[in-house]
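Here are the chains, one letter per residue:
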Amino acid sequence: MTILVTGGAGYIGSHTVTDLLDYDEEVIVLDNLQKGHAQAVPPGILMRGDVRDPETLHEIFANYEIEAVIHFAADSLVGESAQEPLKYYDNNVIGAQRLLSAMQKHGVRKFVLSSTAAAYGEPQRVPIEESDQTVPTNPYGETKLAIEKMLHWCDAAYGLKSVALRYFNAAGAHPSGKIGEDHQPESHLIPIVLQVALGQREAIDIFGDDYPTTDGTCIRDYIHVMDLAQAHRLALHYLRRNNSSRVYNLGNGQGFSVKEVIAQAREVTGQAIPWLVSARRPGDPAVLVASAARAQAELGWCPAYTGLQEIIATAWNWHKHHPQGFAGV
């Protein structure tokens, strides 16, 4: 039996593929390579194609004995989603609908969704729990929540069981240093900070230093990409054992401010990493921290990378040896 990983050549997808292969799973990757990298996955398992193309999906499901789907393929930039909402509904919601339709046609009943903490919007409390209200403040979070709701109704109608993983700020790289984070353009804090350390940027922009936090900058929950990969594998095992659908938060349960991230990156890299303070970005909550107690209790998920410095260290190992990302591989 084979696991189909859509978007498996992307950042979190490729690390999950590596983890699945390490545990002797058979994997096929579907990726259009608009944002993913062919070098991020082993040869022989990548099919280049779009999740919105019914013919491509039919070919995969007809030619492989697919047991389950792990779905990463999506657009995921919060700011861009506000400027181009229809692009996000097209790729994220229509893409998921066509994928689920193909699964229904071919009798595949297990689905793991790469969802997001953006589904919550402005948090009512910290840490955030799965039962908290979901009122997204941007189209990206709205489209992921729409997919979660689609999964609910697919379960009711077809018996398709799913696990939706709402995770917070993915960070770090594979401990081998062979794969890591490479976005064009880069929008995540830690790789941008490390680009400053490498001399690729002059300074890091801090968007607002007047939040109601200890140092005035936003606080976020950072989770290592290999811990996320582990969670997707455990979600797959959960679906094999249980005839039920669930939603789980994934996070370390502790938050770090932007200035704390920069301070830790200075320690890791030995570089000064100057910053500049800019205006707040619309829709940025002051604090986003997860409660992952449910995932720990029900999936047996236990993050291996709990310290911010070790998370940054794995990212630095990737970036300093691959300053041009996968273009230099």
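Residues numbered from 1 in each chain as written. Predicted model: local features only at pLDDT ≥ 70, side-chain atom pairs only at ≥ 80, totals over all residues. Heavy atoms only, no water.

## Some thoughts on the side chain of Thr213
For clarity, the cut-off: Only runs of H or I of at least four residues qualify as helices and only runs of E of at least two qualify as strands under DSSP, and these elements are numbered from the N terminus. Pairs of residues are marked as contacts when any of their non-hydrogen atoms sit within 4.5 Å.
Following the sequence through the fold, Thr213 ends up in the loop between β8 (204-207) and β9 (219-220). Dropping the residues within four chain positions of it, Thr213 is found in contact with Ile219, Ala286 and Val287.

## What to know about helix α10 (residues 308-321)
Going by this rule: Expected span of a helix: the number of residues minus one, times 1.5 Å. Summary of the burial criterion: residues with accessible area below 20% of their type's maximum are buried, those above 50% are exposed, and those between are partly exposed, where the area comes from a 1.4 Å probe applied to protein chains only.
Counted at 1.5 Å a residue, the expected span for α10 with its 14 residues is 20 Å, and the 20 Å between its end C-alpha atoms agrees. Looking only at α10, the buried set comprises Leu308, Ile311, Ile312, Thr314, Ala315, Trp316, Trp318 and His319. Against the buried residues of α10 lie β7 (169-171), α6 (189-197), β10 (222-224), β12 (256-257) and α8 (258-269).

## Things to note about the layout of surface pockets
For clarity, the cut-off: With a 1 Å grid laid over protein atoms only, a set of points is called a cavity when a 1.4 Å probe fits there but cannot get out and a pocket when it is open yet has protein on both sides within 12 Å along at least five of seven lines; lining residues have an atom within 4 Å of a point. Grid points are joined across faces, edges and corners, and a volume is the space filled by probe spheres set on the points. Note on residue classes: Ala, Val, Leu, Ile, Met, Phe, Trp, Tyr, Cys and Pro are nonpolar, Asp, Glu, Lys and Arg are charged, and everything else, Gly too, is polar.
If you add up the space inside the second largest pocket, you get close to 200 Å³. As for the second largest pocket, its lining consists of 16 residues, and the residues nearest its centre are Asp182, His183, Gln184, Gln195 and Pro323. A breakdown of the residues in the lining of the second largest pocket according to their chemical character gives four nonpolar, eight polar and four charged.

## Brief notes about the sheet that holds strand β3 (residues 46-48)
As a reminder of what qualifies: Strands are labelled as partners when DSSP assigns at least two bridges between them. Each axis is a line fitted through C-alpha atoms, and for a helix only the stretch in contact is used; angles between axes span 0 to 180 degrees, taken between their N-to-C directions.
Here seven strands make up an open sheet; going across it, the order is β3-β2-β1-β4-β5-β6-β11 and the pairing parallel. Looking at strand neighbours, the two that pair on one side only are β3 and β11 (246-250), the edges of this open sheet. Strand-to-strand twist of the sheet, defined as the mean angle between neighbouring strand axes without regard to direction, takes the value 20°. Together, β5 (110-116), β6 (161-167) and β11 form the strand contacts of helix α5 (residues 139-158), whose direction differs from that of β5 by roughly 155°.

## Digging into the nonpolar core
Let me state the cut-off plainly: For the purposes of this section, nonpolar cores are sets of buried Ala, Val, Leu, Ile, Met, Phe, Trp, Tyr and Cys residues that join through side-chain atoms within 4.5 Å.
With 63 residues, the main nonpolar core has Leu165, Ile190 and Trp301 as its most contacted residues. The element contributing the most residues to this core is helix α7 (residues 225-241), with ten residues. For Ile190, the contacting residues outside a window of four places in its chain are Ala171, Tyr222, Val261, Leu308, Ile312 and Ala315. Grouped together as the second largest cluster of nonpolar side chains are 26 residues, Ile60, Ala102, Met103 and Phe111 included.

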